[in-house]
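# Structural overview for review
Spelled out, the chains give:
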Amino acid sequence: MYKSKAYSAASATSPLARTTISRREPTEKDVQLEILFCGICHSDLHQVRNEWREVMPTVYPCVPGHEIVGRVTKVGSGVTKYKAGDLVAVGCMVDSDGTCPNCREGLEQYCPNLTLTYNFPDKHGAGPVTYGGYSDSIVVHERFVLRVPSNLSLAGTAPLLCAGITTYSPMRHWGVTKGKKVGVVGLGGLGHMGVKFAHALGAHTVVFTTSASKKDDATRLGADEVVISKNEGEMAKHAGSFDFILDCVSADHDINAYINLLRRDGTITLVGAPEKPLAVKAFGLLFGRRSLSGSAIGGIAETQEMLEFCGKNNITSDVEVIPIQKVNEAYDRLVKSDVKYRFSIDMASLKAE
Ligand code: NAP
Ligand code: ZN
């Protein structure tokens, strides 16, 4: 074991504060990395504030962070894919059984024995639960380490590890491509990546936002049309016309308004994970044989594919880089949808503490 600097929350109502955690020394197949940037996902906030208590109750202290980019500092004797000095990334998962049907299909995110990057029992016993990327280092099995394309900015790459793959994966699964009309609901961290991917995949892309002030940005990010979702007249113009809608909203909202915008056999996929259940009207689904589905992050192979796609198309997240000392202020702003469009923590600020 060795000590690592981190920021943790002591309870659902405590601010994040400086702490020291234990990490394991790299074992045979482990990669140790110095964390350079870590994105702030709304999931970090849900988890820190115990908003998912019914599904994934938070164990305190909680060290969040699953959008990690760093440099390899040490590797175990059996590691073949990485060496000291490599630029690498770690996302939402750090382990899975590797043998179940989901793992065998490269869908580790659906493994029944999955270990998420934070707040999951730590099999190695460095702590009661895993500790995430709001830290100066982390140790991860090489199977869950990704390679970062050399042409991308590191601060803007970090959010690809969650916001990126979570929007890329369902778009690939449900066949977003040229000739399709695709909606993205909620222009936050996930949403703005969804717009970039839908546009890059060639779809006619429509953004739905509650924030009129984001209209110009949505166009710049690649939207062909922008709809202010509070405006019923604007919404009605799109009735029955979408092949696919990706719902990236973090809070309670009326999903029926979007179901009605799907064409026959269209699909709306939830990636947003609000604290409270959403009310769904049956008739919106029955008329038109429409589907409501969900999707969680993406597998490791697909995450690497997404990173290569981003390298090739020069896609990164639009980030506001902050020192870790501003993390609590950033959380308060995230709740108000006041970020364009992802906070990325510069971990040099933690080292300096
Ligand atoms: P975010 O940056 O806070 O973005 C959420 C966006 O939702 C906001 O920017 C806002 O967009 C819209 N919104 C917020 N409150 C709203 C309300 N009351 N009514 C309508 N729209 C509202 O969050 P994020 O990091 O993108 O995460 C979004 C959600 O996805 C979270 O619940 C997160 O936990 C979840 N998530 C799921 C996965 C997965 O694997 N499925 C992975 C990562 C995150 P506008 O200002 O444009 O309206
Ligand atoms: Zn996330």
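I will try to describe carefully the structure that is included in this document.

### Quick look at the coordination of the zinc ion (ligand 2)
In the first shell of the zinc ion (ligand 2), the protein supplies Cys41 (SG), His66 (NE2) and Cys162 (SG), at 2.0 to 2.2 Å from the metal. Sequence positions of the donors to the zinc ion (ligand 2) reduce to the motif C-x24-H-x95-C. With Cys41 in the loop between β3 (30-40) and α1 (42-48) and Cys162 in the loop between α3 (154-157) and α4 (163-173), this pair connects stretches of sequence that are 121 residues apart. For Cys41, a relative accessible area of 2% gives the class buried. The class of Cys162 is buried, set by a relative accessible area of 5%.

### Some thoughts on the layout of surface pockets
The calculated volume of the second largest pocket comes to roughly 280 Å³. Counting residues per element, the lining of the second largest pocket draws most heavily on strand β8 (residues 137-141), at 4 residues. Split into classes, the residues belonging to the lining of the second largest pocket amount to 8 nonpolar, 7 polar and 6 charged.

### A word on the pattern of salt bridges
By the definition in use, this model includes 22 salt bridges. One salt bridge connects Glu142 with Lys29, and the closest N-O pair in it is separated by 3.2 Å. Of this pair, Glu142 sits in the loop between β8 and β9 (146-147) while Lys29 sits in the loop between β2 (17-23) and β3, placing them 113 residues apart in sequence. Assessed through its relative accessible area of 5%, Glu142 is described here as buried. Each member of the salt-bridge network shares a partner with another, and the members are Lys196, Asp217, Arg220, Asp318 and Lys340.

### Some details on the packing of α4 against helix α5 (residues 189-200)
Two elements in contact, α4 and α5, have axes whose closest approach is 8 Å; the angle formed by their N-to-C orientations is 45°. When the axis of α4 is compared with that of α5, the two are oblique. Handedness of the crossing formed by α4 with α5: right-handed. Residue-level inspection shows Ala163, Gly164, Thr166, Thr167, Tyr168 and Met171 of α4 in contact with α5, the latter providing Gly189, Leu190, Met193, Gly194, Phe197 and Ala198. Split into classes, the residues belonging to the contact of α4 with α5 amount to 7 nonpolar, 5 polar and no charged.

### Some points on the sheet that holds strand β14 (residues 262-270)
Think of a sheet as strands paired side by side through backbone hydrogen bonds, with each pair either parallel or antiparallel. Read across the open sheet, the 6 strands follow the order β12-β11-β10-β13-β14-β15; overall the sheet is parallel. At either end of the open sheet lies a strand with only one pairing partner, and these are β12 (225-228) and β15 (291-294). Sheet twist, expressed as the average angle between the axes of neighbouring strands with direction ignored, equals 20°. Its contacts with the sheet put α4 on β10 (181-185), β13 (242-247) and β14, and the angle it makes with β13 is roughly 160°.

### Observations concerning the nonpolar core
One finds Ile40, Tyr134, Met171 and Phe197 to be the most contacted residues of the largest nonpolar core, which totals 92 residues. Among the elements that make up this core, the one with the highest residue count is β3 (7 residues). By size, the runner-up hydrophobic cluster in this structure holds 14 residues, among which are Val227, Ile245, Tyr258 and Leu261.

### Quick look at the packing of aromatic side chains
One pass over the structure, following the stated rule, counts 7 aromatic pairs. Between Phe208 and Tyr258 the ring centres are 5.3 Å apart and the planes differ by 75°, which places this aromatic pair in the edge-to-face class. One end of the pair, Phe208, is in strand β11 (residues 204-209); the other, Tyr258, is in helix α8 (residues 256-259), with 50 residues separating them in the sequence. Among the residues examined, Phe208 registers a relative accessible area of 1% and is labelled buried. Joined through ring pairs, the aromatic side chains of Tyr168, Phe197 and Phe309 make up one cluster. Lys181 extends its terminal NZ or CZ atom over the ring of Phe242, reaching a point 4.6 Å from the ring centre.

### Section: a nonpolar patch on the surface
A surface patch of nonpolar side chains, about 380 Å² in accessible area, is lined by Phe283, Leu286 and Phe287. Position of Leu286 among the secondary structure elements: in helix α9 (residues 282-286).

### A word on the site of ligand 1
By nearness alone, 30 residues border ligand 1, and Thr209, Thr210, Ser211, Lys214 and Arg342 come closest of all. His46 has a polar side-chain atom sitting 2.8 Å from an oxygen atom of ligand 1. Ser295 is positioned such that a nitrogen or oxygen atom in its backbone is 2.9 Å from a nitrogen atom of ligand 1. For ligand 1, whose accessible area on its own is 920 Å², the fraction buried by protein is 88%.

Conventions we followed
Residues numbered from 1 in each chain as written. Chains lettered and ligands numbered in written order. Predicted model: local features only at pLDDT ≥ 70, side-chain atom pairs only at ≥ 80, totals over all residues. Heavy atoms only, no water. Donors = N, O, S within 2.8 Å, 3.2 Å for Na, K, Ca; no water. Helix = DSSP H or I, 4+ residues; strand = E, 2+ residues; numbered from the N terminus. Buried < 20%, exposed > 50% of the residue type's maximum accessible area, 1.4 Å probe, protein only. 1 Å grid on protein atoms, 1.4 Å probe; cavity = no way out; pocket = protein on both sides within 12 Å on 5 of 7 lines; lining within 4 Å. Points joined across faces, edges and corners; volume = space filled by probe spheres on them. Nonpolar A, V, L, I, M, F, W, Y, C, P; charged D, E, K, R; others polar. Salt bridge = Lys/Arg side-chain N within 4 Å of Asp/Glu carboxyl O. Axes fitted to C-alpha atoms, helices over the stretch in contact; angles between N-to-C directions. Parallel < 35°, antiparallel > 145°, perpendicular 65-115°, else oblique. Left-handed = near helix turned anticlockwise from the far one by under 90°. Contact = heavy atoms within 4.5 Å. Pairing = 2+ DSSP bridges. Core = buried A, V, L, I, M, F, W, Y, C linked by side-chain atoms within 4.5 Å. Phe/Tyr/Trp six-rings, centres within 6.5 Å; stacked < 30°, edge-to-face > 60°. Lys NZ or Arg CZ within 6 Å of the ring centre and 35° of its normal. Patch = residues over 30% accessible without salt bridge, like charges linked within 9 Å, V, L, I, M, F, W, Y side chains within 5 Å. Areas by Shrake-Rupley, 256 points an atom, 1.4 Å probe, with all protein chains shown as cover. Near = heavy atom within 4 Å. Polar contact = N/O pair within 3.5 Å; in protein donor to acceptor, adjacent residues only side chain to side chain.

Function cannot be inferred from these measures alone, as they are strictly geometric.
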